[in-house]
Every structure is written in structure tokens, then in C-alpha cells.
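Results of the structural survey
What follows is each chain in one-letter form.
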Amino acid sequence: MGEIECHNNRYNKAAGDMDLDIIGKIKETAMHFPERTASTNGRDRLSYKELWEYSERLAVCLKNELGEEKQPLAVYGHKSPWMLVCFLACVKAGHGYCPIDISVPDARVEMILHSLPEGPVLAAEQNCSVPGDKEVWSFQQIQEICQMEKMDCCEPDTYVKGDGIWYMIFTSGSTGTPKGVQITADCLHHFTDWAVNLGGAASAEAMRESEEQNLIFLNQAPFSFDLSVMDLYTSLACGGTLYCLEKNVQADYRLLMEHLANAKANVWVSTPSFAEMCLCEQSFCADRMEGMRLFLFCGETLGNRTVAKLQQRFPEAVIINTYGPTESTVAVTGVIVTPEINEKRNPLPVGKAKPGTQILIFDENGQELPEGKKGEVIIAGNTVSPGYYGQPALTEKAFFEIDGMRAYRTGDRGYLENGQLFYCGRIDLQIKYHGYRIELEDIENNIRKLPYIEHVVVLPRERGGKVSSLMAYVVEKSIVEDEKTENDRLKQELLSFLPEYMVPKKFVFLDTMPMTANGKADRKKLGGGL
Ligand code: AMP
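About the criteria used
- Residues numbered from 1 in each chain as written.
- Predicted model: local features only at pLDDT ≥ 70, side-chain atom pairs only at ≥ 80, totals over all residues.
- Heavy atoms only, no water.
- Pairing = 2+ DSSP bridges.
- Helix = DSSP H or I, 4+ residues; strand = E, 2+ residues; numbered from the N terminus.
- Axes fitted to C-alpha atoms, helices over the stretch in contact; angles between N-to-C directions.
- Near = heavy atom within 4 Å.
- Polar contact = N/O pair within 3.5 Å; in protein donor to acceptor, adjacent residues only side chain to side chain.
- Areas by Shrake-Rupley, 256 points an atom, 1.4 Å probe, with all protein chains shown as cover.
- Buried < 20%, exposed > 50% of the residue type's maximum accessible area, 1.4 Å probe, protein only.
- Parallel < 35°, antiparallel > 145°, perpendicular 65-115°, else oblique.
- Contact = heavy atoms within 4.5 Å.
- Nonpolar A, V, L, I, M, F, W, Y, C, P; charged D, E, K, R; others polar.
- Salt bridge = Lys/Arg side-chain N within 4 Å of Asp/Glu carboxyl O.
- 1 Å grid on protein atoms, 1.4 Å probe; cavity = no way out; pocket = protein on both sides within 12 Å on 5 of 7 lines; lining within 4 Å.
- Points joined across faces, edges and corners; volume = space filled by probe spheres on them.
- Phe/Tyr/Trp six-rings, centres within 6.5 Å; stacked < 30°, edge-to-face > 60°.
- Lys NZ or Arg CZ within 6 Å of the ring centre and 35° of its normal.

**Details of the sheet that holds strand β25 (residues 466–476)**
One open sheet holds the 3 strands; their spatial order is β24-β25-β26, and the pairing between them is mixed. Of all the strands in the sheet, just β24 (453–463) and β26 (506–509) have a single pairing partner and so form its edges. The mean inter-strand angle of the sheet, taken between neighbouring strand axes irrespective of direction, is 25 degrees. In this sheet, β25 lies alongside β24 in antiparallel orientation, the contact comprising 10 bridges. Opposite I453, over in β25, you have E476 as the bridge partner.

**Observations regarding the site of the ligand**
Residues in close proximity to the ligand total 16 residues, the closest being T322, T326, D412, K432 and R437. The backbone of E300 places a nitrogen or oxygen atom 3.2 Å from a nitrogen atom of the ligand. Interatomic distance of 2.6 Å between a side-chain N/O atom of R437 and an oxygen atom of the ligand. Within the complex, 96% of the 490 Å² of free accessible area of the ligand lies under protein. Elements with a contribution of two residues or more to the shell around the ligand: β13 (318–323) and β21 (420–426).

**Focus: the pairing of strand β8 (residues 179–184)**
The element β8 is largely enclosed, with a buried count of 6 among its 6 residues. Burial along β8 is two-sided: K179, V181 and I183 facing one way and G180, Q182 and T184 facing the other are all buried. Bridge count for strand β7 (residues 165–171) against β8 is 6 bridges, and the pairing is antiparallel. Bridge pairing links F170 to G180 in β8.

**Things to note about the packing of helix α6 (residues 185–195) against helix α8 (residues 227–237)**
At their nearest, the axes of α6 and α8 sit 9 Å apart, and the two run at 75 degrees to each other. Our classification of the angle between α6 and α8 gives roughly perpendicular. For the pair α6 and α8, the contacting residues are L188, F191, T192 and A195 in the first and V229, M230, Y233, T234 and A237 in the second. Split by residue class, the contact of α6 with α8 holds 7 nonpolar, 2 polar and no charged.

**Digging into the sheet that holds strand β11 (residues 267–270)**
Strand order in the open sheet formed by 9 strands is β2-β1-β10-β9-β11-β12-β13-β14-β15, with mixed pairing between adjacent strands. Where the open sheet ends on each side, the last strands, each with one partner, are β2 (45–47) and β15 (352–353). Direction of pairing for strand β9 (residues 216–219) relative to strand β10 (residues 241–244): parallel, over a ladder of 4 bridges. Counted as the bridge partner of N219 is C244 from β10. Helix α10 (residues 253–263) contacts β9, β10 and β11 of the sheet and is inclined by roughly 160 degrees relative to β9.

**Some points on the pattern of salt bridges**
What the rule picks out here adds up to 16 salt bridges. One salt bridge connects E327 with R437, and the closest N-O pair in it is separated by 2.8 Å. Placement of E327 in the loop between β13 and β14 (333–336) and of R437 in strand β23 (residues 436–439) is noted, with a sequence separation of 110 residues between them. Side by side, E327 and R437 carry an identical accessibility label, which is buried. The network of salt bridges with common partners includes R43, D44 and E246.

**Focus on the layout of surface pockets**
What the second largest pocket holds in volume is close to 560 Å³. Lining the second largest pocket are 22 residues, and of these S174, K179, K397, D428 and E439 lie nearest its centre. Mapped by element, the contributors of at least two residues to the lining of the second largest pocket are α14 (392–398), β20 (405–417) and β23. A per-element tally of the lining of the second largest pocket places β20 first, with 4 residues. For the lining of the second largest pocket, a count of residues per class yields 5 nonpolar, 8 polar and 9 charged.

**Comments concerning unusual backbone geometry**
Trans peptide bonds make up the majority, and among non-glycine residues the majority have a negative phi. The omega angle of the peptide bond from N346 to P347 is 5 degrees, so this bond is cis rather than trans. Following the sequence through the fold, P347 ends up in the loop between α13 (339–344) and β15. Unusually for a residue other than glycine, T329 sits at a positive phi of about 60 degrees. You can see T329 is positioned in the loop between β13 and β14.

**Some words on the packing of aromatic side chains**
Taken as a whole, this structure holds 21 aromatic pairs when the rule is applied. Taking the centre distance of 6.3 Å and the plane angle of 50 degrees together, the rings of F362 and F400 count as tilted. Linking F362 in strand β16 (residues 357–362) with F400 in strand β19 (residues 399–402), this pair joins segments that are 38 residues apart in sequence. Summarising the aromatic geometry, the rings of Y388 and F399 are spaced 5.4 Å apart at their centres and angled 70 degrees between planes, so their arrangement reads as edge-to-face. Taken as a pair, Y388 in strand β18 (residues 387–388) and F399 in strand β19 lie far apart in primary sequence, 11 residues in all. One exposure class covers both Y388 and F399, and it is buried. An aromatic cluster of three or more residues is present, and its members are W268, F274, F284, F295, F297 and F314. Note that K92 overlies the ring of W52, its terminal NZ or CZ placed 3.4 Å from the centroid. Positioned above the aromatic ring of F400 is the side chain of R409, whose terminal nitrogen or guanidinium carbon lies 4.2 Å from the ring centre.

Structure follows, in C-alpha cells:
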């Protein structure tokens, strides 16, 4: 399987030997190509000069106004280019940031905000109102600070660096409370250093071109999901333009196809689910999107059929499957999926480990397994997070050290073949639904908060090896008279504290919950494989 490698030719160097400087690179682009668009959502745009100068002013203000304690600040918004200004300002001021998308329900936002340290929330989107009672720097205030006449400079010695937390992303937690994954400056730099060269020849060519013209990256994932780090930082690190697709654009085929055609993007970064959705539209093809030359996928299983269709519609483009959890900074393995590989391998490999990362397979007793044997995927290396913010017990459970390297127990099942990793599902109750990572217990614990619920089990329904919907089996404290009305009521109530994608499509009302011999809800009897 030697042919299915990613060509990291420039990066076959020792772990830790890395010369990328993301902030330095942004400054360089702002100096050489000041008018180049750093980010746009098709409506608003910010140039590299604006991104650099605005973030300088905001960083100085954050530094002057806030105390010496340097902890991540929440940035609330959606796909406005001002999100990037706030992220960069937080990092320059030495704080780091925690992105929160406006699609997160208010109750969950408040939960996240309360688990964060003291400090204001930066509102980076026009007309957005931040839920809760924390101090907010409004969008208008931020704009005024950024556009002040006086140009102060933020000294590089305050920037987040080394083991400092660059960003923190909250993911679904089995207890019902999201957990904050902390990513250091070093983790991000090691990841980005690899990601900008992923695809070997394809990205090298793209990099060369980006010196003279914009290389345009498409952003699908909200900034509160770590997949967005792949497009955001590879774009910034090679002086590219980030074209963000807003939620309302993604929800409307006609608008979406219009934006895709107008974006003139060269690099696509999304979950496979999103590409599959686009493939339903015949106009999603190279004729309408001429510049597209690289598809980067991560986050869930990439199917052979999706690859075959993409290869047919975009014959010139390179397709790469990457794999990794938020806890090890977006992705740690990658493989170019050529037509030959797509014909020969089902399931597709997720690739070889990037330099500085080791993939190991452990059995239930924590013993390393040889190649070919299935077990839990362990990731060790220079992009593994130092742990969950303020959660030492959870951190200790999932993170450990191997030969002085941070390591993470992924909960994924897989095996290695000639160093290539193959993904075989989960060993716990975590699922991927339309690319979103969900702990089923997170949904269950939130449903349990409703006072009239006695017992609940949530199960995924699958079609073609993918989760197609979520079903909740509930026992209520009193008899349900009208199931349709009760379904609607439950959905409505849950929407106030769970994101839409976590609200089950259907509720099945049971008199009693089937139990296993050891007193657990019998998921198998309810029809779930989990
Ligand atoms: P997240 O933290 O949201 O990125 O989700 C990480 C999880 O997504 C991993 O632990 C895997 O279960 C799954 N995942 C990521 N990449 C892939 C891939 N290429 N193929 C299959 N599953 C994947």
C-alpha cells in the first residue's frame, strides 16, 4: 500500500523541528499584499491589512483593560470576518479564545460561559445578543476600538506561545455538560505546519500560486467546531482567503450553489456529509467551480461512493481523507485517495500519522497490539491537547503519557496496515451525525432534566453505514395520552437547551425500559447496536 501515502516531502523532519509562525505569516501577508481578502462571507470582507491593524488595536485594548491573568476569552458570533479579528486579538493579547457559534442554544452557551474564567465575551457579529449575564464587549464597541485613529502596537512578547492555550473548543460531553478541549500554540503550529503541505504536489503548487494570487479556502464548519481550524489556519498560514459559508446559505441549495460558484475556491474543507449533500445537485461540478483542486475531508467516514462521484465531477482535484479528534488538534493522519485506492479499498484508509505523531492500537488491558489487530486507537505526539479545561478527572481518564509524549485514548476502534490506519467505529456511545460529534449520553442527560421523564435511551438509526436520525425511547412519569402532541412538546422544550442536531427526530413512549441482567438499559433490545 506504499502508493497511498501523503507526500509530506518537505516535512519528513524530526518532530519539534518547525519553523512556521502563524502570526508572523499574517503580518507578512498584510505587508506584502495589504488589500488581499483575508476573510469574507460573500457579503462582508476584511483585507489582510484590516485584519492585522484591527487585531493590533483590539489586542492592546484587551491588554490594557484586563488583568494579568491570561485565560481564554469567549468570542461569540458566526461567520463574520470580525471573528478572525477577535481570535487574533485574543491571541496577540496573550489570552487565547473560545469560539461559540450563534447556533448553540442559549442555555448551552450560558453553561459554557460559566465554565470559562473571568473576562468579557467578545461579540463578533452584528446584531447578535450574547445570552447570560457576563460582561460583553459589543460588536459596535469592538468596531470602534478597531477603527480608532491611534495605532498602537501589540508587542510580540505578549502573544500566546509554546504551551499557552491558543484556543479552546467545547465538544459534547457524556455527562450532559460540554467539555472544553484546550489546544496550545505548539499543538496548532505543529498541526498547521503539516496541514499546509498535505496533498504534496497539489498543495505545493497551490502554495506557489498563493505568492502571486489568492488561494481561496472554503469554510463549512462553524468556528466552534475544530474542523474549521483546518481551513482557517491553513488559509492564514499560506496567505489565502477564507470564504465562509453561512448557516442560511448552507440550508438553501440555490443560494449554496450560487456561493460555491462565486467563491472561486481552490481548497475545499468539509465533512463528507456536506460534500454528499452538495453532490445531490448536478451543478456541483468542475464546470461551475473551475479552481477547485483540493478536497480535504475529516470528521467522519468518507465513503467510496462519495469519492467516486467527486472524482467524476472534479477530475483534476486531489481528494484527501484525514482523521483525528479535537483532542489532538483536528487531524493527525492523512491519505490521498486516488481512483485506484478507491477501487481497491473498502473501507478507505484514513492515512498514515503525520510527523511528530504516533498511532498505536491498544487492547482492553492497555497492551499494544501488532499490525492487523483491531483495538482502541491511541494518539501520541506533538498535537495532543494538555486536557479538558477545569476537568482534571476527565483529563486523567482520557490523557496519559507515552515516552514523555502526551497521549490520548480516542475511543475509536481501528487497526494498522503498513502504518496506514483503518477506522472501524467507536467503542463507546459517541456518534457522528451529519458530521457533528455527539455523546448519546449527553442527549440522554439533558432529556432527563425534564421533570416528567422517568427513563430515557437515545439510539441512532443507520442507513448505508451512517447515522440517518436519532430516536429517543422514553418512559414518562404519567401515561402519555397523545403521542404526537407529546413528541412536539418534547422537541420544543429540548430546543431551548440542546442544539437542533441533538434533538431526536422521534420519541417512542414505553411503559417500562427493557433492562439487561446487570441493571442497565438494554440498548440491544431496543434495536441499537450500541
Ligand atoms: P471531532 O472531535 O468532532 O473532530 O470528532 C472526532 C471523531 O470523529 C473521531 O474520534 C472519530 O470517531 C471521527 N472521525 C474523525 N475523522 C474520521 C475519518 N476520517 N473517518 C472516520 N471517522 C472519523
